[in-house]
Amino acid sequence: MIPLLPTFRLSRPATLPEAFDLLADDGIAYVGGTELVAAMQLGLVSPAHLVDLKRIPALGGIRLEGEVLVIGSAVRHVEVADSELVRRSAPILARACAELGNARVRATGTVGGNLCFADPRSDVATALFALGARVRLRSADGERVLPIDEFVLGAMDVDLDEGELLDSVLVPVTVAPQVYLRHQPTEYPTIAVALVSDPEGLRVTVGAVGEIPQRFAAPSLDELDVEAILPELEVIEDLNGSESYKRHLVGVFVRRAAAELKESNDA
Amino acid sequence: MPEETYDETVVSTTVNGRRIKKRVENRLTLAEFLREKEGLRGTKVSCESQVCGACTVLVDDRPVSSCTVLAVEADEAEVTTIEGLETEAGLDPVQAAFADCTALQCGYCTPGFIMSTKALLATNPSPTREEIEHELEGNLCRCTGYLPIIEAVEQAAARLAGTYDPDAAHRPYAGHLKEDGEPFRYVGRSIERVDAGVKVTGRARYAIDTPFPDTTHAVAVRSDRAHATILGIDVKVALDVPGVVAVVTAEDLDGLYPRFGHMVPDHAIIAAGKVRYYGEPVALVVAETRHIARDAARLVEVRYEDLPAAMDAEAALAPAAPVIHEDAYSGEAVNQVAITRTEDEPNVANTMHLGWGDVDAAFAEADLVVETETFHPALYAYAMEPYNSSARFADGYLEVTSTAQHPFMVIKDLARVFDLPHSKVRVSVPYIGGGYGSKSYTKIEPLTAVAAWVTQRAVKLDLSIEESIYTTRADAARTRVRSAFRKDGRLLARDVDIVMDTGAYVDNSATVLSKAVARCFGPYSIPSLRVRGRLVYTNTVPASSYRALGAFQVNLAAETNMDQAAEQLGIDAADLRRINLVPRGERFIEGKRPMDTDLVDDFDQMMARVRVEPREGVLQAVGFGVGANEGGAYPTSTAQVKMSPDGSALVLSGSTEMGQGSRSILTQIAAEELGLDIAKVRVFQSDSAGTSFERTTGGSRTTTMTGLSVQRACRDIVQQLLAMAATVWECPVDDVRHVGDRIVHADGRSEEFGPLIKKWYGGGGGEITGRGTVRREGELQVQPSFWEIGMVAVAVDIDPETGVTKVDQLVTMADVGFAINPMGVEGQDVGAALQGIGGGLSEELVYEGAQLRNPNLVEYRVPHIGDAPRRWDSVIVERRDGTGPYGAKGGGEGARIPMGGAIASAVARATGVWPTELPLTPERVWRLIQEGEAARAEAAGGSAPEAD
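Bear in mind the structure is a predicted one, so any value in this text is a computation, not a measurement.

Rules used in this analysis
Residues numbered from 1 in each chain as written. Chains lettered and ligands numbered in written order. Predicted model: local features only at pLDDT ≥ 70, side-chain atom pairs only at ≥ 80, totals over all residues. Heavy atoms only, no water. Helix = DSSP H or I, 4+ residues; strand = E, 2+ residues; numbered from the N terminus. Rg over C-alpha atoms; globule rule 2.2 N^0.38 Å. Buried < 20%, exposed > 50% of the residue type's maximum accessible area, 1.4 Å probe, protein only. Contact = heavy atoms within 4.5 Å. Buried area = accessible area lost by both parts, 1.4 Å probe. Polar contact = N/O pair within 3.5 Å; in protein donor to acceptor, adjacent residues only side chain to side chain. Nonpolar A, V, L, I, M, F, W, Y, C, P; charged D, E, K, R; others polar. Domains from an automatic or database assignment. Phe/Tyr/Trp six-rings, centres within 6.5 Å; stacked < 30°, edge-to-face > 60°. pLDDT = per-residue confidence, 0-100. Pairing = 2+ DSSP bridges. Axes fitted to C-alpha atoms, helices over the stretch in contact; angles between N-to-C directions. UniProt positions renumbered as here; feature names shortened; annotations may be inferred. Parallel < 35°, antiparallel > 145°, perpendicular 65-115°, else oblique. Left-handed = near helix turned anticlockwise from the far one by under 90°. Disulfide = S-S within 2.5 Å.

**Points about the overall build of chain A**
Next, step 1: The helix and strand inventory of chain A stands at 11 helices and 14 strands.
Next, step 2: For 267 residues, the compact-globule formula gives about 18 Å, and the C-alpha radius of gyration of chain A, at 19 Å, lands near that figure.
Next, step 3: Dimensions of chain A, computed from C-alpha atoms along their principal axes, come out at roughly 55 × 45 × 30 Å.
Next, step 4: Of all 267 residues assigned to chain A, the portion counted as buried reaches 59%.

**Some points on the interface of chain B and chain A**
Next, step 1: Each partner contributes to the interface: chain B provides 58 residues, whereas chain A provides 49 residues.
Next, step 2: For the pairing of chain B and chain A, the buried interface totals around 4500 Å² over both sides, and the portion due to carbon and sulfur atoms is 54%.
Next, step 3: On inspection of chain B and its partner chain A, the count reaches 28 residue pairs in polar contact (both at pLDDT 80 or more).
Next, step 4: Of all the secondary structure elements, the ones that give two or more residues to the side of chain B that touches chain A are strand E1 (8–15), strand E4 (62–65), helix H4 (129–135), strand E6 (216–222), helix H8 (290–297), helix H13 (465–469) and helix H23 (922–940) of chain B.
Next, step 5: For the side of chain B that touches chain A, a count of residues per class yields 18 nonpolar, 18 polar and 22 charged.

**Here's the deal with the domain arrangement of chain B**
Residues and elements named next belong to chain B.
Next, step 1: By domain assignment, chain B separates into domain 1 (8–84), domain 2 (211–309 + 382–471) and domain 3 (637–775).
Next, step 2: Each partner contributes to the interface: domain 2 provides 19 residues, whereas domain 3 provides 19 residues.
Next, step 3: Carbon and sulfur atoms supply 57% of the area buried between domain 2 and domain 3, which totals about 1300 Å² over both sides.
Next, step 4: Counting the surface domain 2 buries against domain 3, the share from its top three residues, Gln 405, Phe 408 and Tyr 431, is 41%.

**Section: the packing of aromatic side chains**
Residues and elements named next belong to chain B.
Next, step 1: If you walk through the whole model with that rule in mind, you get 20 aromatic pairs over all chains.
Next, step 2: Taking 5.3 Å as the distance between ring centres and 85° as the angle between the ring planes, the aromatic pair formed by Tyr 108 and Tyr 206 counts as edge-to-face. Of the two residues, Tyr 108 is situated in the loop between helix H2 (93–100) and helix H3 (110–123) and Tyr 206 in the loop between helix H6 (196–200) and E6; the sequence distance between them amounts to 98 residues.
Next, step 3: According to the relative accessible area criterion, Tyr 108 is buried, its value standing at 1%.

**Digging into the confidence of the model for chain B**
Next, step 1: The predicted model of chain B averages 96 in pLDDT, with 98% of residues at 70 or higher.
Next, step 2: This stretch, residues 944–948 of chain B, has a pLDDT under 50; its non-local contacts, to residues over four places away or in other chains, come to 6 contacts.

**Some details on the sheet that holds strand E11 (residues 274–275) of chain B**
Next, step 1: Spatial ordering of the open sheet is given by E11-E7-E13 (chain B), a layout of 3 strands whose pairing is antiparallel. In this open sheet, the two strands that pair with only one neighbour each are E11 and strand E13 (301–306) of chain B.

**Considering the sheet that holds strand E14 (residues 214–218) of chain A**
Residue and element names in this part refer to chain A.
Next, step 1: Judged by pairing direction, the sheet is antiparallel, and its 4 strands sit side by side in the order E11-E12-E13-E14 without closing on themselves. Of all strands in the sheet, those bounded by a partner on one side alone are strand E11 (178–183) and E14. Here the average twist between neighbouring strands, direction ignored, is 15°.
Next, step 2: Note that strand E12 (residues 191–198) and strand E13 (residues 201–207) share 7 bridges and pair antiparallel. In the sheet register, Leu 195 faces E13, and the bridge partner there is Val 204.
Next, step 3: Across the sheet, helix H5 (residues 91–99) is in contact with E11 and E12; its angle to E11 comes to roughly 20°.
Next, step 4: Most of the contacts of helix H8 (residues 123–130) go to E13, to which it runs at about 165°, and overall it touches E11, E12, E13 and E14.

**Points about the domain arrangement of chain A**
Residues and elements named next belong to chain A.
Next, step 1: Each assigned domain of chain A is listed here: domain 1 (9–52), domain 2 (57–172) and domain 3 (178–266).
Next, step 2: In this structure, domain 1 and domain 2 have C-alpha centres spaced 18 Å apart.
Next, step 3: Listed per partner, the contact involves 10 residues of domain 1 and 16 residues of domain 2.
Next, step 4: Roughly 1100 Å² is buried in total at the junction of domain 1 and domain 2, and carbon and sulfur atoms are behind 79% of that figure.

**Topic: unusual backbone geometry**
Next, step 1: With an omega dihedral of 0°, the bond running from B:Gln783 to B:Pro784 counts as a cis peptide bond.
Next, step 2: Relative to the elements of secondary structure, B:Pro784 occurs in the loop between strand E32 (768–774) and strand E33 (786–798).
Next, step 3: Residues B:Leu918 and B:Pro919 are joined by a peptide bond in cis, for which omega reads -5°.
Next, step 4: Topologically, B:Pro919 is positioned in the loop between helix H22 (899–911) and H23.
Next, step 5: Even without being glycine, A:Ala208 reaches a positive phi, approximately 80°.
Next, step 6: Its place among the elements puts A:Ala208 in the loop between E13 and E14.
Next, step 7: Of note, B:Asp507 is a non-glycine position whose phi angle comes to about 45°, a positive value.

**Topic: the UniProt feature "domain: FAD-binding PCMH-type" (unreviewed entry) in chain A**
Next, step 1: Within this structure's numbering, the places UniProt gives as "domain: FAD-binding PCMH-type" (unreviewed entry) are residues 1–176 of chain A.
Next, step 2: For the annotated span residues 1–176 of chain A, helix accounts for 35% and strand for 26% of the residues, and the straight-line distance between the end C-alpha atoms is 47 Å.

**Observations regarding the packing of H2(B) against helix H5 (residues 147–161) of chain B**
All names here are of chain B.
Next, step 1: Where H2 contacts H5, the axes come no closer than 8 Å and their chain directions differ by 140°. The pairing of H2 with H5 is recorded here as oblique in orientation. Crossing angle aside, the handedness with which H2 passes H5 is right-handed. On H5, the residues that touch Pro 93, Val 94, Ala 96, Ala 97, Phe 98 and Asp 100 of H2 are Ile 149, Ala 152, Val 153, Gln 155, Ala 156, Arg 159 and Leu 160.
Next, step 2: Each residue belonging to the contact of H2 with H5 can be placed in one class, and the counts come to 10 nonpolar, 1 polar and 2 charged.

**Digging into the environment of A:Ala29**
Residues and elements named next belong to chain A.
Next, step 1: You can see Ala 29 is positioned in strand E2 (residues 27–30).
Next, step 2: Assessed through its relative accessible area of 39%, Ala 29 is described here as partly exposed.
Next, step 3: For the pair Ala 29 and Asn 102, spaced 73 residues apart in the sequence, the C-alpha separation amounts to 23 Å.
Next, step 4: Each residue touching Ala 29, except ones within four places of it in the same chain, is listed here: Leu 23, Leu 36, Val 51 and Leu 53.

**What to know about the side chain of A:Thr174**
All names here are of chain A.
Next, step 1: Structurally, Thr 174 can be placed in the loop between strand E10 (165–172) and E11.
Next, step 2: There is a polar contact of 2.7 Å between the side chain of Thr 174 and the backbone nitrogen of Ala 176.
Next, step 3: With residues near it in sequence (within four places) discarded, Thr 174 still touches Arg 88, Ser 89 and Leu 131.

**Thoughts on H8(A)**
Residue and element names in this part refer to chain A.
Next, step 1: Extensive coverage of H8 is indicated by the burial of 8 of its 8 residues.
Next, step 2: Buried within H8 we find Asp 123, Val 124, Ala 125, Thr 126, Ala 127, Leu 128, Phe 129 and Ala 130.
Next, step 3: Where H8 starts, the residue carrying a side-chain oxygen 3.3 Å from the main-chain nitrogen of Val 124 turns out to be Ser 122.
Next, step 4: One or two positions beyond H8, positive phi appears at Gly 132, with a value near 65°.

**Some thoughts on the side chain of B:Asp797**
All names here are of chain B.
Next, step 1: Structurally, Asp 797 is set in strand E33.
Next, step 2: When its relative accessible area of 6% is taken as the criterion, Asp 797 is described as buried.
Next, step 3: A polar contact is formed between the side chain of Asp 797 and the side chain of Arg 870, at a distance of 3.1 Å.
Next, step 4: Among all residues touching Asp 797, those that are not within four sequence positions of it are Arg 615, Val 618, Leu 619, Gln 620, Val 804, Thr 805, Lys 806, Asp 808 and Arg 870.

**Side note on the state of the cysteines**
Residues and elements named next belong to chain B.
Next, step 1: Under the counting rule described, the total for this entry stands at 0 disulfides over all chains.
Next, step 2: Counting only cysteine sulfurs, Cys 67 is the nearest neighbor of Cys 55, a cysteine outside any disulfide, at a range of 3.8 Å.
Next, step 3: The buried category is assigned to Cys 55, whose relative accessible area is 3%.

Right, dumping it as structure tokens:
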């Protein structure tokens, strides 16, 4: 009931090899702390050793590598939101990062921390699912790249091996028309909807209502059948709404997002 | 610098321009570091979950939640706190704007808001209202209703841009004249709050900022059962933790009176024998630091045997319900409300009746009978400063610092616990970070004091917000109203039944119930009335006062009942109010003060302003409601004014400043009465060893009751000065007069107060003391001292697809007799209204099994800045017809009374279905919309129409 922190060790490596050594020493990754420190204050986790990854230059920065936007895991939300590069090549990610949490969370929390914590209501995850992003994981043994939906597996559950850390997220650069809509009458979004319309069709991603973002496809915007999506949804009930209400809301916000997308297409 | 250890890190930082290098514990948050290690206590901590923003500081110009960010994050960074903004040139423009716009009341959120505004304006120098709302969404204010804050942010932007016009007055002087035909100098004017300066700079000190020297820290071990017998408590492991001073349990209270409660002394200081709710203190760990106490508290083992629990009033009233209090505590109460307990309803703590006339006959002859039943849920007042208190014993005296609204009431409880004379218990209260009634009467002071008694050390007990929620809430109530009408709309009779859930202990709920019983039918002229109210114990958080206590819970049923009746009578709902509102001079409750204002005129002024601003695609409607509180509480107040030989005045008052602005009001009154420049007046409040007795600070009483005692004390000073002048000048007292800041002789001689005092005493002068006393006599013989009128109107917008409801327009109506500080009146009104909007739309404590599902600010949704109404019209009515100074009446609670009902009626008009419970969350409203559409479709005998 009293959010005081227990004692812990803190390491602040400057390079990845140092970080791997420290993580191997009972360490867990710590970046912005908006999720981790809060969880520690609530007594949900009590790690003995935090390894601060913010001082590792390799985990920072937003850059283009060919047709891929690479965002370091230690990049803060506000940096994503303000990045011209992201706004141009992955607008809904910039939008998600500009709206999530509050000004302090955006100024402190990081893309990597957010993804690894895997809160079901994560805006970052919803946008990255919608954009078909991948994640690059590194460990002392090397690296692996996973599609986002093979990394985020469930509520508070990601495919991260011991000694492994999230290096960066890889977002395919796209000019596809896209829309991100959130519905948030309380502290966390009740619903987030992302639509991306590319030549292969329309991708509908629904975040915050299930354990992980859920994706649906339609041949095109005009052929979107919202009623067909709704029964397929996994919905978690909470104080923000019952299962049936949330299912209804998804329909409302997918329709609204579709209308917005249509408007921007027509403009 | 010693080497780093595993638990500590060397931090080199710059705080407000000052270089600091020191070893810091890794587990220390930045807020703990700033407040406790660097003494920068301007940064405040409240929600501890990154929601409220009170702890906002800038790290390298980025806003962060210092309560969740580690102190080591300051390493190699520049930290700016509220203390770092003021320069030699004066206040920062943001600070100046917050002071000028009265964008603060209790001030607890103010440092965080100012730091967030600094961050906002640094990146966006001229934000729109939407941008302000977006960037400040993570800062909560519970007092101001946010609108003055938005104004302050806009003014700060203008100041920084050089476009601010300092001559633009906020609210012009209403033109009141004194008896001599001259305008008032200080009262009736919107002055800057006298505490604005300390509150915008972080210098204001709250109880949480003022530990006794060398204090220990306490953390409570709390019950994790709703209702259970305590089989044993094992404290040994906890006691062995280095740094632990004591683990206090009920066994340690031998020789003390182990309970408290000003109405029914039913409240165990520490649970003895059994626990009655989840969260009840079972033991208190006292240690050298709060961290040690918290760590050791987890090692205390309590063994329980569960008992059946009654989690709501219905369960507690059931025939085989578990008995929550075996003892009736009879003969020990010091209450004003007669407590009745009966054998056949053992969980009913009290039953009250009110009525007159032949109710059954009236219903028999009525043209229309309308019945309404509503449920008002339990609420959390969320005063941003959590309950906290410090205690120590010194030379047989008990000294306590706390967040208590009523320090003199707390003394009574503490004196009984320790069998001490009142004179040996000192309770002092610095600034309070919000109260709204939730800090009235005794809360955690006995717990802190018994720990100080056991340990013979100073003890500080700071609760978290979660613990505060598990300390006091507002009563839930189920209310059934039946009303009998004549077809012309005349009320013939009302029959009301109220069941109120007080939780595990009575606290002030017997008063809450008595208020509910008196506030559930009016202010209407009702020939026949029958009200029954029952107060029921349950195994939940103890309930007590919250702004407009008792009234808002039952007004929901009473006023939606009027609206439903209007519909059925075919009479406009506003006209139905006009037909029944009690006229000036009529006594609508036997034995009480006749109505002291013109309700229909007030109502008309309000209704003239409310209007829907049409928008496509939304459901829109207007709602309004009326209520009246007995204002002023019991009329006992005392004040002293001391005048020094330099002619300055020190006002001593036992009232508390919790944000409502009493310090400013009392300063204005004293300056006006004495003719002194306001800068020469200081008001010192709420220290029982230094200020005079004040009964309570609640019931909207300070402006009137304390205002009167201060006014009388000032007039006593003037009489003394006149007599002194007559002595010094050796003339009859009739030859001298008080003019401005001087005493003047008929022959033209005059003297300022200071020199006169010096001459009278000689030898460098002395001090004179004026006394003012208010008791139940004369104009105040008939109670209440005034009627506090509650009237609001709202225009709401509803998204028909989501049910999200927004108050688009708010009209407040303050019938305050004489507005001593009009900006203060408006601030109180919009603040009370926004709390009402929270109760109407989002706030509700929800139990799931033994414990609350939402004991935090993440899931208990209080209004954020984006929930403030888009439009606000403020009506202040000043007829100078109150019993307070200059004809003033109290304010601050009125707007809270009818808000829930007004919103419910607006939603009903928009959806076609009457809500029966609050809050009207998006899902509830959406379901009403569905229900309404289905009903209309059935009535039309066809398929559901398209939603428009």
